[in-house]
Amino acid sequence: MLHVVPPQVAPDFIRQSPLADAAGFCGVNPKTLQYPRYVNIFSLGDVCSSPNAKTAAAARKQIGIVAENILAAKEGRECSHIYEGYGACPLTVENDKVILAEFGFGGKLLPTFPLDPVVPRRFSWLLKAKLFPWLYWNGMVRP
Ligand SMILES: Cc1cc2nc3c(=O)[nH]c(=O)nc-3n(C[C@H](O)[C@H](O)[C@H](O)COP(=O)(O)OP(=O)(O)OC[C@H]3O[C@@H](n4cnc5c(N)ncnc54)[C@H](O)[C@@H]3O)c2cc1C
């Protein structure tokens, strides 16, 4: 099987800005997601330089951390909410079965459910095929 994907890059307005790191992503402290030089700038999602898997699951986790750390920075406190690199990739490995790969920095497994995370499951397939689309359209994307 040949799986061809384009290289992941940040949009030009970041890549060509002073915020870009050497690879063109918005350079942040990967734990606090705060820009090192301009401390009132935070970044998350695909555009930020944190070395996590670029997934919506990661962005969802980062949102709460960035929100708390912005409040801390605004009030002159230390950014104490730490991102562990969480990301999740539902990998369809057979008909009706998915490995819900949830991991953080360095590939550390961070399963949400108390189940062996490397076993393909129909339960995980149901999450990917039924629950996540519903959550996306009804919980994340609202008119
Ligand atoms: C095929 C595919 C499958 C995926 N499957 C999964 C999955 O199963 N699970 C998972 O968790 N993640 C998955 N992802 C990854 C997920 O889609 C991304 O990680 C997520 O969308 C990143 O969110 P973001 O808000 O950082 O960036 P984006 O969703 O890319 O949002 C950035 C937005 O900024 C807008 N924009 C760009 N330039 C400008 C500008 N100059 N001015 C104004 N707006 C601008 C863009 O139009 C876009 O709407 C998948 C991605 C792909 C491509």
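Residues numbered from 1 in each chain as written. Predicted model: local features only at pLDDT ≥ 70, side-chain atom pairs only at ≥ 80, totals over all residues. Heavy atoms only, no water.

*Asks:* Break down the overall build of the protein chain for me, citing the residues and quoting the values.
*Replies:* Broken down by element type, the protein chain carries three helices and two strands. Counted from the first residue to the last, the protein chain has its helices and strands arranged as α-α-β-β-α. Per-residue burial for the protein chain yields a buried fraction of 31% across its 143 residues. Taking the contacts inside the protein chain whose residues are at least 6 apart along the sequence as the reference set, 34% of them involve residues at least 24 apart. On the protein chain, roughly 9,500 Å² of surface is accessible, and the fraction owed to carbon and sulfur atoms is 62%. Each charge class in the protein chain can be summarised by its mean position, and for the 15 positive and 11 negative side chains these summaries are 3 Å apart. (Helix = DSSP H or I, 4+ residues; strand = E, 2+ residues; numbered from the N terminus. Buried < 20%, exposed > 50% of the residue type's maximum accessible area, 1.4 Å probe, protein only. Contact = heavy atoms within 4.5 Å. Areas by Shrake-Rupley, 256 points an atom, 1.4 Å probe, with all protein chains shown as cover. Lys, Arg positive; Asp, Glu negative; His and termini not counted. Charge placed at Lys NZ, Arg CZ, Asp CG, Glu CD.)

*Asks:* An account of the layout of surface pockets is requested, with residue identities and associated values reported.
*Replies:* Where empty space is left in the structure can be found by rolling a water-sized probe over the atoms. By volume, the largest pocket is sized at about 630 Å³. Elements with a contribution of two residues or more to the lining of the largest pocket: helix 2 (56-74), strand 1 (87-94), strand 2 (97-103) and helix 3 (122-140). Of the residues in the lining of the largest pocket, the class split is 15 nonpolar, three polar and four charged. When residues of the lining of the largest pocket are sorted by domain, at least three fall in each of domain 1 (12-74) and domain 2 (88-140). (1 Å grid on protein atoms, 1.4 Å probe; cavity = no way out; pocket = protein on both sides within 12 Å on 5 of 7 lines; lining within 4 Å. Points joined across faces, edges and corners; volume = space filled by probe spheres on them. Nonpolar A, V, L, I, M, F, W, Y, C, P; charged D, E, K, R; others polar. Domains from an automatic or database assignment.)

*Asks:* Provide a residue-level description of the domain arrangement of the protein chain, including the pertinent values.
*Replies:* Often, the extent of an interface is quoted as the loss of accessible area upon association of its parts. Taken as a whole, the protein chain is organised into domain 1 (12-74) and domain 2 (88-140). A C-alpha centroid distance of 25 Å is found between domain 1 and domain 2. Around 420 Å² of area is buried between domain 1 and domain 2 when both sides are counted, 81% of it from carbon and sulfur atoms. Contact with domain 2 buries surface across domain 1, with Ala53, Thr55 and Ala57 losing the most and accounting together for 51% of the total. One can count zero salt bridges joining domain 1 with domain 2. Where domain 1 touches domain 2, the interface holds zero residue pairs in polar contact (both at pLDDT 80 or more). (Buried area = accessible area lost by both parts, 1.4 Å probe. Salt bridge = Lys/Arg side-chain N within 4 Å of Asp/Glu carboxyl O. Polar contact = N/O pair within 3.5 Å; in protein donor to acceptor, adjacent residues only side chain to side chain.)

*Asks:* For the environment of Lys54, give the residues involved together with the corresponding values.
*Replies:* Mapped onto the secondary structure, Lys54 falls in the loop between helix 1 (12-15) and helix 2. Leave out the neighbours within four places in its chain, and Lys54 touches Gln8, Phe25, Gly45, Asp46, Cys48 and Ser49. A distance of 3.2 Å separates the side chain of Lys54 from the backbone oxygen of Ser50, its partner in a polar contact.

*Asks:* Please provide a residue-by-residue account of the nonpolar core, values included.
*Replies:* If you look at the biggest cluster of nonpolar residues, it comprises 13 residues, and the most contacted ones within it are Leu33, Tyr83 and Tyr86. Broken down by element, this core gets its largest block of residues, four residues, from helix 2. Each residue touching Tyr83, except ones within four places of it in the same chain, is listed here: Pro30, Lys31, Leu33, Ser50, Asn52, Ala58, Lys61, Gln62, Ile65 and Phe105. In this structure, Ala10, Leu19, Phe25 and Cys26 belong to the second largest nonpolar core, which totals six residues. (Core = buried A, V, L, I, M, F, W, Y, C linked by side-chain atoms within 4.5 Å.)

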